[in-house]
Amino acid sequence: MRLHAFLPFLLLASSLLTACQRQNNVELTLVARGLNLETQISALRQTATVGAERLEVTLDYMATRVEFARRQRQELEATLSARGTPFPGSISGPTGTPFPLPDNVNAAPTVAVATELPLQLSGQARFTDIVMAASVRDNDCATQPQFDFRVNAERIYVVATAWNIRANTRIAARFVISGRESLLEWRPGAPINGNCIWFYIEQSDLPFVAGNWSVRLEINGVPASDSVTFSIRDL
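Residues numbered from 1 in each chain as written. Predicted model: local features only at pLDDT ≥ 70, side-chain atom pairs only at ≥ 80, totals over all residues. Heavy atoms only, no water.

K.L.:
Please explain the confidence of the model for the protein chain as it appears in this structure.
P.N.:
Atomic detail in the predicted coordinates should be set aside for any region of low pLDDT. Per-residue confidence for the protein chain averages 74 on the pLDDT scale, and 49% of its residues sit at or above 70. Across the protein chain, strand S3 (residues 156-163) holds the top mean pLDDT of 98, while helix H1 (residues 2-82) sits lowest at 58. Here residues 90-121 scores under 50 on pLDDT; set against residues more than four positions off or in separate chains, the count is 67 contacts. (pLDDT = per-residue confidence, 0-100. Helix = DSSP H or I, 4+ residues; strand = E, 2+ residues; numbered from the N terminus. Contact = heavy atoms within 4.5 Å.)

Laid out in structure tokens, this is it:
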């Protein structure tokens with residue numbers, strides 16, 4: 001009789017225990033899923049951050065390459081135009097606007113190129129293909145044209161192709177920044193015709209402050225090229 005009396009209570013207790021166990025299992029499952037979701041969200045955030053950084057670097061690189069291609073095109077156009085050869089799809093626009101403006105490539109500057117003389121005056125002394133660079137090759141030509149430098153640069157070169165330069169001609173490069181200038185001069189010991197020449201400026205000549213710089217080549221004290229612009233940026 002006592003066993004039959006307690007049987008309903010035993011069944012009720014068993015049901016409650018089973019229900020508690022199921023609730024605990026559900027809570028543990030929810031906790032586990034929550035932790036898993038947090039891990040996945042964290043991983044996605046890290047992936048998104050890395051992706052954004054890579055995209056930014058890629059955009060900066062592409063802007064630099066586009067600007068470099070733009071400069072080369074302009075130099076080629078000027079050379080062909082001076083020789084009387086039309087350049088298909090010629091581009092034109094104002095010069096002197098400093099670069100870099102990676103967020104607006106169209107606002108980047110047009111690099112001034114040495115003024116070519118007409119063919120009938122081709123025997124006169126002149127410079128062509130003027131570029132800036134961080135170093136030069138064994139043939140005195142630029143290793144890699146570059147128009148953007150840092151304030152801790154060791155040297156900044158201006159490189160050009162010289163034509164019909166007689167021996168002992170006074171050649172000079174005039175670097176200018178914010179009203180301050182440094183004039184570098186050189187007299188070749190032999191004639192130069194169709195070879196590269198260069199000048200470089202160092203911190204001791206004029207401190208490399210951040211800003212928009214220009215350089216102009218001269219022959220015997222007379223300007224022999226347009227001003228070529230380049231920039232120096234902080235680290």
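K.L.:
Looking at this structure, how should I read the sheet that holds strand S1 (residues 126-133)?
P.N.:
Within a sheet, each strand pairs with its neighbour through backbone hydrogen bonds, oriented either parallel or antiparallel. Here we have 3 strands laid out as an open sheet, ordered S1-S3-S6, and antiparallel in their pairing. With one partner strand each, in any of the chains shown, S1 and strand S6 (195-201) form the two edges of the open sheet. Put simply, the sheet's adjacent strands are angled 25 degrees from each other on average, direction ignored. Inspection of the sheet shows S1 paired to S3 by 6 bridges, in the antiparallel sense. The residue of S3 that forms the bridge with methionine 132 is valine 158. (Pairing = 2+ DSSP bridges. Axes fitted to C-alpha atoms, helices over the stretch in contact; angles between N-to-C directions.)

K.L.:
Explain the pattern of salt bridges to me, please; I cannot follow it from the model alone.
P.N.:
Any two side chains of opposite charge can pair, given that their charged atoms come close. Taken as a whole and judged by the stated rule, the model has 6 salt bridges. Of the charged contacts in the structure, one is a salt bridge between arginine 155 and glutamate 202, with a shortest N-O distance of 3.1 Å. Taken together, the positions of arginine 155 in the loop between strand S2 (148-150) and S3 and glutamate 202 in the loop between S6 and strand S7 (211-219) put the pair 47 residues apart, joining distant regions of the chain. Owing to a relative accessible area of 27%, arginine 155 belongs among the partly exposed residues under this scheme. Across the pair glutamate 218 and arginine 174 runs a salt bridge, and its minimum N-O distance is 2.7 Å. Of the two residues, glutamate 218 sits in strand S7 while arginine 174 sits in strand S4 (residues 171-177), which places them 44 residues apart along the sequence. Neither residue differs from the other here; glutamate 218 and arginine 174 are each classed as buried. Connected through salt bridges with shared partners, the residues Arg174, Glu181, Arg216 and Glu218 form a single ionic network. (Salt bridge = Lys/Arg side-chain N within 4 Å of Asp/Glu carboxyl O. Buried < 20%, exposed > 50% of the residue type's maximum accessible area, 1.4 Å probe, protein only.)

K.L.:
Even after reading the chapter, I still don't get the nonpolar core, so can you show me in this structure?
P.N.:
Nonpolar side chains in soluble globular proteins tend to be buried together. Counting 37 residues, the largest nonpolar core has Phe127, Met132, Ile156, Val158, Phe175 and Phe230 as the members making the most contacts within it. Mapped onto this core, the elements with two or more residues apiece are S1, S3, S4, S6, S7 and strand S9 (228-233). Top contributing element to this core by residue count: S3, with 6 residues. (Core = buried A, V, L, I, M, F, W, Y, C linked by side-chain atoms within 4.5 Å.)

K.L.:
Help me understand the environment of isoleucine 156, please; the structure alone is not making it clear to me.
P.N.:
Tracing the sequence through the fold places isoleucine 156 in strand S3. Since its relative accessible area comes to 0%, isoleucine 156 is described here as buried. In this structure the C-alpha to C-alpha distance between isoleucine 156 and tyrosine 200, which are 44 residues apart in sequence, comes to 5.3 Å. Those residues in contact with isoleucine 156 that sit more than four places away from it in its chain are Met132, Ala133, Phe149, Phe175, Phe199, Tyr200, Ile201, Phe208, Phe230 and Ile232.

K.L.:
How should the environment of asparagine 212 be read in this particular structure?
P.N.:
Position of asparagine 212 among the secondary structure elements: in strand S7. The partly exposed category is assigned to asparagine 212, whose relative accessible area is 44%.

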